[in-house]
Amino acid sequence: MGLKLDKVVPIGRSLGEYIKMFNLTEKDLQKNIIGVGDGPASFNAEATQIGSKVISIDPIYQFTALEIQQRFDAVIDNIMAQVKANPNDWVWSYHQSPEDLFDNRKKSLNKFISDYYQGKLEQRYQIGELPKLHYQDNQFDLALCSHFLFLYSDFYDYQFHYLSIKEMLRISKEIRIFPLLKLDLKFSEYVDKIVKDFKDQKYTIVVVNVEYQLQKGGNQMLQIVKH
Ligand SMILES: C[S@@+](CC[C@H](N)C(=O)[O-])C[C@H]1O[C@@H](n2cnc3c(N)ncnc32)[C@H](O)[C@@H]1O
């Protein structure tokens, strides 16, 4: 795979954040889950600890823990400077302040790094990338995609989004995507077309308000369930 780590922003979120971003219930956490583009999130490590069954896929899993850690260290100061330079773009409810956000991101990374070797042995971290995934039809109950689809709409076109969502729906009975905003905090122009195109194909598709909000206005996720 030709991925260059210097193009990746390896910032990861926690189980607590995934629960709020995706409205995950205790019942959801007992499902067979795939996290698509989980990167260095501690979701898999923490969910595994409480007995959930999660596989995470991401192209960065071709790299070592040290390489991922070094990439995080190389980008985090710049990201935090951007956050502090635009205080009105953020809602400090889950994370209390930029400093708290920084601490939480570090904690998530550390939990991920501590779990990475064991998780790879257990095949909980697998190399893979949208729009094509190497799993069987309906292999999972729930596919989650946090901070990749829609967020990077200015870098990936509608066709990429359509094919990626179709592929997630092939391997999973239900999918949830968060957020629906782009990096510039504008609502992704692809969401309405995705809703229309997948409704036509007899899926139940809804935009759901959730409790989590960090990007101002970014408190919605897209949920699609197969009939
Ligand atoms: C901003 S990070 C989000 C990480 C994690 N989902 C979270 O919310 O904490 C975006 C992730 O998408 C991954 N990614 C990039 N291209 C991808 C692709 N084609 N398919 C799946 N994931 C991809 C990156 O490697 C990175 O780990």
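Here we summarise the structure given alongside this text. (Residues numbered from 1 in each chain as written. Predicted model: local features only at pLDDT ≥ 70, side-chain atom pairs only at ≥ 80, totals over all residues. Heavy atoms only, no water.)

Focus on a nonpolar patch on the surface
Okay, step 1: A cluster of nonpolar side chains, namely Phe155, Tyr156 and Leu183, defines an oily patch on the protein surface of about 330 Å² accessible area.
Okay, step 2: Tracing the backbone through its elements, the reader meets phenylalanine 155 in the loop between strand E4 (140-146) and helix H5 (158-171). (Patch = residues over 30% accessible without salt bridge, like charges linked within 9 Å, V, L, I, M, F, W, Y side chains within 5 Å. Areas by Shrake-Rupley, 256 points an atom, 1.4 Å probe, with all protein chains shown as cover. Salt bridge = Lys/Arg side-chain N within 4 Å of Asp/Glu carboxyl O. Helix = DSSP H or I, 4+ residues; strand = E, 2+ residues; numbered from the N terminus.)

A look at the site of the ligand
Okay, step 1: Neighbouring residues of the ligand: 21 residues in total, closest Arg13, Gly37, Asp58, Leu130 and Ser146.
Okay, step 2: A distance of 2.7 Å separates an oxygen atom of the ligand from a polar backbone atom of arginine 13.
Okay, step 3: At a separation of 2.9 Å, a nitrogen atom of the ligand approaches a polar backbone atom of leucine 130.
Okay, step 4: Calculation on the ligand without its partners gives an accessible area of 600 Å², and the protein chains cover 95% of this total. (Near = heavy atom within 4 Å. Polar contact = N/O pair within 3.5 Å; in protein donor to acceptor, adjacent residues only side chain to side chain.)

A short note on the packing of H5 against helix H6 (residues 191-199)
Okay, step 1: Viewed as axis vectors pointing N to C, H5 and H6 meet at an angle of 45°, and their least axial separation amounts to 11 Å. Compared by their axis directions, H5 and H6 come out oblique. Every pair of crossing elements has a handedness; the one defined by H5 and H6 is right-handed. Only Lys193, Ile194, Asp197 and Phe198 of H6 make contact with H5, whose side of the interface consists of Tyr158, His161, Tyr162, Ile165, Lys166 and Leu169.
Okay, step 2: The residue inventory of the contact of H5 with H6, partitioned by class, reads six nonpolar, one polar and three charged. (Axes fitted to C-alpha atoms, helices over the stretch in contact; angles between N-to-C directions. Parallel < 35°, antiparallel > 145°, perpendicular 65-115°, else oblique. Left-handed = near helix turned anticlockwise from the far one by under 90°. Contact = heavy atoms within 4.5 Å. Nonpolar A, V, L, I, M, F, W, Y, C, P; charged D, E, K, R; others polar.)

Quick word on the side chain of histidine 147
Okay, step 1: With respect to the helices and strands, the residue histidine 147 is situated in the loop between E4 and H5.
Okay, step 2: On the basis of relative accessible area, histidine 147 is assigned to the buried category, the value being 14%.
Okay, step 3: At 3.3 Å, the side chain of histidine 147 forms a polar contact with the side chain of arginine 13.
Okay, step 4: Beyond its immediate stretch of four places on either side in the chain, histidine 147 contacts Arg13, Met21, Tyr152, Phe178 and Pro179. (Buried < 20%, exposed > 50% of the residue type's maximum accessible area, 1.4 Å probe, protein only.)

Some points on the nonpolar core
Okay, step 1: Ranked by internal contacts, the top residues of the largest apolar core, which has 31 residues, are Phe150, Ile165, Met168, Ile194 and Leu222.
Okay, step 2: Where this core is concerned, the elements lending two or more residues are strand E1 (32-36), strand E2 (53-57), E4, H5, strand E5 (172-178), H6, strand E6 (203-209) and strand E7 (220-226).
Okay, step 3: For this core, the element with the highest residue contribution is H5, accounting for seven residues.
Okay, step 4: Ignoring sequence-local partners within four residues, the contact set of phenylalanine 150 consists of His161, Ile165, Ile177, Pro179, Leu180, Leu181, Lys182, Ser188, Tyr190, Val191, Ile194 and Leu222.
Okay, step 5: Counting 27 residues, the second largest nonpolar core, distinct from the first, contains Phe22, Ile33, Val54 and Leu142. (Core = buried A, V, L, I, M, F, W, Y, C linked by side-chain atoms within 4.5 Å.)

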